6 protein chains.
Amino acid sequence: MRPSSRLSDELRSVRITRQYTRHAEGSVLIEFGDTKVLCTASVEENVPPFLKGKGQGWVTAEYGMLPRSTNTRMRREAAQGKQSGRTQEIQRLIGRSLRAVVDMAALGERQIVIDCDVIQADGGTRTASITGAFVALTDAVNGLIAAGKLSKSPIREHVAAISVGVYKGVAVLDLDYPEDSDCETDMNVVMTGSGKFVEVQGTAEGEAFSRAEMNTLLDLAEKGIKDLITLQKAALAG
Amino acid sequence: MRPSSRLSDELRSVRITRQYTRHAEGSVLIEFGDTKVLCTASVEENVPPFLKGKGQGWVTAEYGMLPRSTNTRMRREAAQGKQSGRTQEIQRLIGRSLRAVVDMAALGERQIVIDCDVIQADGGTRTASITGAFVALTDAVNGLIAAGKLSKSPIREHVAAISVGVYKGVAVLDLDYPEDSDCETDMNVVMTGSGKFVEVQGTAEGEAFSRAEMNTLLDLAEKGIKDLITLQKAALAG
Amino acid sequence: MRPSSRLSDELRSVRITRQYTRHAEGSVLIEFGDTKVLCTASVEENVPPFLKGKGQGWVTAEYGMLPRSTNTRMRREAAQGKQSGRTQEIQRLIGRSLRAVVDMAALGERQIVIDCDVIQADGGTRTASITGAFVALTDAVNGLIAAGKLSKSPIREHVAAISVGVYKGVAVLDLDYPEDSDCETDMNVVMTGSGKFVEVQGTAEGEAFSRAEMNTLLDLAEKGIKDLITLQKAALAG
Amino acid sequence: MRPSSRLSDELRSVRITRQYTRHAEGSVLIEFGDTKVLCTASVEENVPPFLKGKGQGWVTAEYGMLPRSTNTRMRREAAQGKQSGRTQEIQRLIGRSLRAVVDMAALGERQIVIDCDVIQADGGTRTASITGAFVALTDAVNGLIAAGKLSKSPIREHVAAISVGVYKGVAVLDLDYPEDSDCETDMNVVMTGSGKFVEVQGTAEGEAFSRAEMNTLLDLAEKGIKDLITLQKAALAG
Amino acid sequence: MRPSSRLSDELRSVRITRQYTRHAEGSVLIEFGDTKVLCTASVEENVPPFLKGKGQGWVTAEYGMLPRSTNTRMRREAAQGKQSGRTQEIQRLIGRSLRAVVDMAALGERQIVIDCDVIQADGGTRTASITGAFVALTDAVNGLIAAGKLSKSPIREHVAAISVGVYKGVAVLDLDYPEDSDCETDMNVVMTGSGKFVEVQGTAEGEAFSRAEMNTLLDLAEKGIKDLITLQKAALAG
Amino acid sequence: MRPSSRLSDELRSVRITRQYTRHAEGSVLIEFGDTKVLCTASVEENVPPFLKGKGQGWVTAEYGMLPRSTNTRMRREAAQGKQSGRTQEIQRLIGRSLRAVVDMAALGERQIVIDCDVIQADGGTRTASITGAFVALTDAVNGLIAAGKLSKSPIREHVAAISVGVYKGVAVLDLDYPEDSDCETDMNVVMTGSGKFVEVQGTAEGEAFSRAEMNTLLDLAEKGIKDLITLQKAALAG
């Protein structure tokens, strides 16, 4: 029995709100149950130094948690003077996941910077970030097309992410915080609209996991990501 | 004529939403028009080192802006490795303003940490922060009373803040971003429910200002803060 | 009765020594009683990046305290690896105050950097810094004129600063450290030679202050700044 | 055809040299072909603050690359003043991998700090680090047993790591640098002696990968790790 | 011919002003010609962590230059967020030099922190710092004796420092900035009242130097330090 | 009697291994007994900003210790976020020592970066670094000649370094760690092939030292450096 009474293959209630704030070229509030992440996409008409003059664009991401997005207050990273290893790990993952579905040459010499800021955390902030960031990125790209700066979209297909894990011996989809902090295995899966993997990151929290368990988890993830991509499409059509 | 067509002594539409997020002891989204700040109050059962064993509490504040809360993306302070001078100035101001209305001995040896994070900026983020933070602080204190940890409130009276300035030669209340970036004089005023000043910070952006102009600005501020305190009371009663 | 036996509207003994050190284009030791600040002005024939090619100059300031300028030794900011919020607040104030009286276009594409370093502290270091920095700035500008790099001064008028406060219920001028650490209200006022305000920063340390108290304090400040500007003029004529 | 002419399921030549340096409680030079990593284990008779008094131990890891371990010189992280995101990601992975096979209560209130420093890099530094660190950790634990500080080993089973990837359309084991910088998919797998997974981190560098490809890669990894654990056992028996 | 027309074995005019500022337990302005350094000694009734409970004291030093103490403005180390290698090298040298003449057990469990801040630089700031710091340290120690906290001085003998170098082929004493920036060999020598060496740091700036040149330089340094110690004694007697 | 039973003028066993790693243009492992330092030389076809366009090259050095190169684990400087004063002092010394024997104009507008990383420490890491770095630098320069980028070597002569000290009252050559941590005087001497001094850094650890002691130490150093240069030549001929 899951703490939330969800079925083992049931996502939390997912909400995707576009144009959540008004300055960014893409601005999406994504909610996976009580996890709420604001994902903005900012278009900058320049590229990082290592790409200057190479005729291609870049997509990068930064991640942060508001100090009291969590159950007990976390220290503010800006006040501490550095980003934690966890933060850097997550923002690198978000960036790689999005770049996997973008044709950088087609984007042209410009950069899209994604900011994922966690307003409220209840597990799964990195998967919500990737899933919401894709929608914000799409809005920003569509804005470039509407402004005549791009003739067609450099986005090749959808990408979304979900967590799966073994909780009290059962494989479950989309772990919330109570599950996440008490699970044996935790896996984050990033997949494309065509059903291929972009990232698979599985970690044995307590006991190591078998190949059979891994297969069950991947099946669950595949199901969840299909659902999420359907929700992304609905939001973008809305 | 103001860009927003407001009267010279007219506040923007102000909304105060309590319990905006679920983990913090006080959590308030305050909106001054398009300026939106999330103010949380976190109760910690300890005090900073310089107050250990002195039988009194502390209230402190931190401030931040989401990178794309602004018109063009600002660099993330956590990634840069330090808070700007402006950020530190604002968070010190918020902290002092709140401490001015709290009886530290009555609070007991605990600390309340206020986080003001700007979700969307359109001028006046510091005054919105102070005004919203007071409500979050009150909710946190009321929680301590409800939990039997305090027998009565250490908050002596209300406190709120507003900006006033001279825009195109006219004294106006509650400057939005277009006014703020083009005004001659900018003044932030923090006042209590009993009509006294906690902070007055006036700055000549272009031309220096006269004593007469200052008096006009203070009159406007007094009017605006009375309105804000009425709104705080309504929100707390809601 | 003030600890120093001064009258309520009496400045401390003020001394302004020009050409205090020999390398800087302007070098002034200013003493407000036991507070001693070395203010230097350095002319640099370039401007910060945000002003490149805009045909105007810049004036900026940095502030520091020698570790043992104070009663108990403060930690050296260079060794700690960052400037405190207080330091940044003060150096931003000094910079704004000076820029308010300089015509940046007339200065041309060059920068004047002001350094205010506190040799000995006894209250009022920021007001002494502004008052002394103006003299150092003037010397640097006069050097540019003498060298034929400027045909006339871009300085429009004098600027000086003083603190006022309510100490044991009485409004007093130019607080020294014993008064500053025990006062109810503390206000720093920056005014021009023509009697207008550049900055007003009033803070209720204990109790909030009334409009009437504020008016009394501003009267005192006005009187003090007139005296300081007379002293600046005498020093510059000397 | 692989650049090194290896078969697709062939490890590079692996050498494990124990007691490589003389101060550390465990000191192992591990070589995966031209990749050379020095792994040391340091026993400290204390635990990090969050574990004080909980009756259990800790294993943690730090990772670094000598500036010229790579083809072109990398900037020294100590001189830059921070560890890169990649460095933090790798050292967190090493730590988690080792902790997965250690019984922290049986270790007692002490900490073993693993340092993995890359002397020469040719791809696979993180998998070599984990594989070598396990041997260094074992030597350190055996030293504690020999000294009578532990009665039996808190290490439950072996752990080792290998990379697998899709290079020019073919699944290959243990990628060297030419393969790593030109592969479509890159996966790092950490497994135990009993054939279970501790970590699986798969990343699509170019194209996303299918479930079938993933299965092929996991088969290869399983084979490679069995070989590595045989080599660890031989080294420890030596 | 030296730029200053001094004889090759002639010190610049040296002035030692005690009680230069009022807060520190020892406060000395030392001038070697146009080089002016403020040396303060602060007594702290605690010791660094590595000496806790060992029944002995400590003497340490910090060094800094005001940004415009030099010919062209240097960047402020506090603003840059770190002390340069040169600064650290000098402050370590000052600390070691003073500790060489203090009996740490006799000092008791307290620390004396020396701050050497360069007000104006014209070469030889480190040697002036050591020479002046000794006088400030002595004043602080005498204060402890006067207050009954020490019964006799833990200072065993005098210590002073001077630079010597080869300038245009001639060995000269006490290099000023024009000589220092154009010399072939530069040596800083720290000696005690009994004529022994505490530190000798010789550096070939251009050409390497011979044993014979070294001997000539050491003779000069010995002469200069005797003169400085005479001046220290006169100042302390004053 | 020395702990190692060496004669007072006897070096430890010195081994110089060239081409120790494969990426760097020069790569030398130097061993002074149990002290082992990896010295690499990296050629970069650019110069630091202050030399741009001046038609000359540069040689610079960085130094580091692996955390467990020492008897008890040192904190990793990259993790602490800064290099210690000692590290900076040593790397500055290595750079100056090498630059003293290189004709910068003859090197052309390129930079050679030396990295000295201590694999195992037993005293004398800075002198081993300089002695080994010279060999790595020579290899890098010879590579430039072989590649036709230089027509002749800009290296004017050999340079090497050794420590000498007074241990239990006796002047000894090449101190190992037990001697170094218990000696009265410690001197590091850097000399050229022609027998001239580049650097002499003598420090009284306990008691100050006399001119006579200094002379004895310099004699010893001269003897040791001659031996080291013979070993450098043999290694380069090998």
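This structure is a prediction, so every number in the text was calculated from the model and none was measured. Within every chain, residues take consecutive numbers counted from 1 along the sequence as written. Here every chain gets a letter starting at A, and every ligand a number starting at 1, in the order they are written. Selection of residues for local features in this predicted model requires a pLDDT of at least 70, selection of side-chain atom pairs for listing and counting requires 80 or more, and totals for whole chains, interfaces and linings are taken over all residues. Hydrogen atoms and water are omitted, and side-chain values are computed over all heavy atoms in the structure.

**Details of the interface of chain A and chain B**
By convention, interface size is frequently given as the accessible area that disappears when the constituent parts associate.
So, step 1. For this analysis, residues touch if any pair of their heavy atoms sits within 4.5 Å. The interface of chain A with chain B comprises 37 residues on the first partner and 37 residues on the second.
So, step 2. When residues of chain A are sorted by the area they lose upon contact with chain B, His23(A), Arg68(A) and Arg76(A) head the list and together hold 25% of the total.
So, step 3. Salt bridge, as used here, is a side-chain nitrogen of Lys or Arg placed within 4 Å of a carboxyl oxygen of Asp or Glu. At the boundary of chain A and chain B, one finds 16 salt bridges.
So, step 4. Measuring nitrogen to oxygen at the nearest pair gives 2.7 Å for the salt bridge that ties Arg76(A) to Asp115(B).
So, step 5. Distance and chemistry together define a polar contact, namely a pair of N or O atoms within 3.5 Å, with one atom able to donate a hydrogen and the other to accept it when in protein, and with adjacent residues in sequence counting only for side-chain atoms on both sides. Counting across the chain A and chain B interface gives 25 residue pairs in polar contact (both at pLDDT 80 or more).
So, step 6. For the side of chain A that touches chain B, the secondary structure elements donating two or more residues are strand S3 (35-44), strand S4 (58-65), helix H1 (77-80) and strand S5 (111-120) of chain A.
So, step 7. For the side of chain A that touches chain B, the element with the most residues is S5(A), which contributes 6 residues.
So, step 8. Tallied by class, residues from the side of chain A that touches chain B come to 13 nonpolar, 11 polar and 13 charged. Values labelled buried area give the accessible surface lost by two parts on being combined, using a 1.4 Å probe and summing over both. Each helix corresponds to a stretch of at least 4 residues labelled H or I by DSSP, and each strand to a stretch of at least 2 residues labelled E; elements are numbered beginning at the N terminus. All amino acids are sorted into three groups, where Ala, Val, Leu, Ile, Met, Phe, Trp, Tyr, Cys and Pro are nonpolar, Asp, Glu, Lys and Arg are charged, and the leftover types, Gly among them, are polar.

**Thoughts on the packing of aromatic side chains**
All names here are of chain C.
So, step 1. Two aromatic rings, drawn from Phe, Tyr or Trp (for Trp, its six-membered ring), form a pair once their centres lie within 6.5 Å of each other, and the interplanar angle then sorts them: stacked below 30 degrees, edge-to-face above 60, tilted otherwise. Throughout the structure, instances matching the rule amount to 12 aromatic pairs over all chains.
So, step 2. Plain terms: the ring middles of Phe-50 and Trp-58 are 5.2 Å apart, the flat faces sit at 85 degrees to each other, and that makes the pair edge-to-face.
So, step 3. Note on Phe-50: relative accessible area 47%, which makes it partly exposed. Exposure is judged per residue with a 1.4 Å probe applied to protein chains only, and the accessible area is read against the type maximum: over 50% gives exposed, under 20% gives buried, and values in between give partly exposed.

**A short note on the sheet that holds strand S4 (residues 58-65) of chain E**
Residue and element names in this part refer to chain E.
So, step 1. Strand pairing is assigned whenever DSSP identifies at least 2 bridges connecting the two strands. Taken in spatial order, the 5 strands make up an open sheet running S1-S2-S3-S5-S4, and their pairing is mixed. Only two strands of the sheet have a single partner each, and these edge strands are strand S1 (14-18) and S4. The average undirected angle you get between the axes of adjacent strands in this sheet is 15 degrees.
So, step 2. Inspection of the sheet shows strand S2 (residues 26-32) paired to strand S3 (residues 35-44) by 7 bridges, in the antiparallel sense. Across the sheet, residue Ser-27 finds its bridge partner in S3, namely Thr-40.
So, step 3. To obtain an axis, a line is fitted to C-alpha atoms, over the contacting stretch when the element is a helix, and the angle between two such axes runs from 0 to 180 degrees between their N-to-C directions. Running over the sheet, helix H4 (residues 125-146) touches S1, S2, S3, S4 and strand S5 (111-120) and is turned about 35 degrees from S3.

**Examining the relation of the copies chain A and chain B**
So, step 1. The copies were overlaid with a least-squares fit restricted to C-alpha atoms from residues scoring a pLDDT of at least 70 in each copy. When chain A is brought onto chain B, the operation consists of a screw motion whose angular component is 180 degrees and whose axial shift is 0.0 Å, with 0.0 Å RMSD remaining. Here the two chains are linked by the operation of a two-fold rotation axis.
So, step 2. Looking at chain A, 100% of its interface residues are interface residues in chain B too, so the copies touch through the same face.

**With respect to the pattern of salt bridges**
So, step 1. Here the structure, examined in full by the defined rule, presents 144 salt bridges over all chains.
So, step 2. Linking Arg73(D) and Asp115(F) is a salt bridge whose minimum nitrogen-to-oxygen distance equals 2.6 Å. One end of the pair, Arg73(D), is in the loop between strand S4 (58-65) and helix H1 (77-80); the other, Asp115(F), is in strand S5 (residues 111-120), on a second chain. Both residues of the pair, Arg73(D) and Asp115(F), count as buried.

**Considering the arrangement of the chains**
So, step 1. For chain C and chain D, which are not in contact, the least C-alpha distance works out to 11 Å.
So, step 2. Spatially, chain A and chain E are disjoint, and the shortest separation between their C-alpha atoms is 11 Å.

**A word on the side chain of Arg2(D)**
Residue and element names in this part refer to chain D.
So, step 1. For Arg-2, the location among the structural elements is in the segment before strand S1 (14-18).
So, step 2. In this structure Arg-2 comes out as buried when scored by relative accessible area, which is 6%.
So, step 3. Polar contacts involving the side chain of Arg-2 include one to the main-chain carbonyl oxygen of Leu-7, which spans 2.8 Å.
So, step 4. Excluding residues that lie within four positions of it along the chain, Arg-2 makes contacts with Leu-7, Ser-8, Glu-10, Val-172, Leu-173, Asp-174, Leu-175 and Glu-179.

**A short note on the sheet that holds strand S3 (residues 35-44) of chain B**
Residue and element names in this part refer to chain B.
So, step 1. With respect to topology, 5 strands assemble into an open sheet ordered S1-S2-S3-S5-S4, the strand pairing being mixed. The strands lining the two open edges of the sheet, one partner per strand, are strand S1 (14-18) and strand S4 (58-65). Averaged over all pairs of adjacent strands, the angle between strand axes in this sheet comes to 15 degrees, irrespective of strand direction.
So, step 2. Pairing between S3 and strand S5 (residues 111-120): 9 bridges, direction antiparallel. Its bridge partner lying in S5, Ser-42 is registered against Val-113.
So, step 3. Packed onto the sheet, helix H2 (residues 85-99) meets S4 and S5 and runs at close to 145 degrees relative to S4.
So, step 4. Of the strands in this sheet, S1 and strand S2 (26-32) are in contact with helix H6 (residues 211-237), which crosses S1 at around 30 degrees.

**Thoughts on the side chain of Gln83(E)**
So, step 1. Structurally, Gln83(E) is set in the loop between helix H1 (77-80) and helix H2 (85-99).
So, step 2. With a relative accessible area of 10%, Gln83(E) lands in the buried category.
So, step 3. Within the structure, Gln83(E) has its side chain in polar contact with the side chain of Gln91(E) (distance 3.3 Å).
So, step 4. Sequence-distant contacts of Gln83(E), that is, excluding residues within four places in its chain, are made with Arg76(C), Ala78(C), Ala79(C), Tyr63(E), Glu77(E), Gln88(E), Gln91(E) and Gln88(F).

**Thoughts on the UniProt feature "domain: Exoribonuclease phosphorolytic" (unreviewed entry) in chain A**
All names here are of chain A.
So, step 1. What UniProt calls "domain: Exoribonuclease phosphorolytic" (unreviewed entry) maps, in this numbering, to residues 10-140 and 159-224.
So, step 2. Its end C-alpha atoms 31 Å apart, residues 10-140 is made of 30% helix and 31% strand.
So, step 3. Span residues 159-224 is 27% helix and 44% strand, its end C-alpha atoms 12 Å apart. UniProt positions are given in the numbering used here, feature names are shortened, and annotations may be inferred rather than shown by experiment.

**As for unusual backbone geometry**
A negative phi holds for most residues other than glycine; trans holds for most peptide bonds.
Residues and elements named next belong to chain F.
So, step 1. Of note, the phi angle at Gln-19 is positive, near 50 degrees, even though the residue is not glycine.
So, step 2. Looking at the element boundaries, Gln-19 is found in the loop between strand S1 (14-18) and strand S2 (26-32).
So, step 3. At Asp-174, a position not held by glycine, the phi torsion is positive, near 60 degrees.
So, step 4. Topologically, Asp-174 is positioned in the loop between strand S7 (170-173) and helix H5 (177-180).
So, step 5. Owing to a relative accessible area of 0%, Asp-174 belongs among the buried residues under this scheme.

**Let's talk about the pairing of strand S9 (residues 197-204) of chain C**
So, step 1. Across the 8 residues of S9(C), 8 count as buried, placing the element largely inside the fold.
So, step 2. By the bridge criterion, 5 bridges tie strand S9 (residues 197-204) of chain B to S9(C) in an arrangement that is antiparallel. By the bridge assignment for S9(C), Val200(B) is matched with Gly202(C).
So, step 3. Where strand S8 (residues 185-192) of chain C meets S9(C), 7 bridges bridge the pair, whose relative direction is antiparallel. When the sheet's bridge partners are listed, Asn188(C) is paired in S9(C) with Gln201(C).
So, step 4. Hairpin remark: S8(C) followed by S9(C), antiparallel, with 4 residues in the connecting loop; positive phi at Gly195(C), about 80 degrees.

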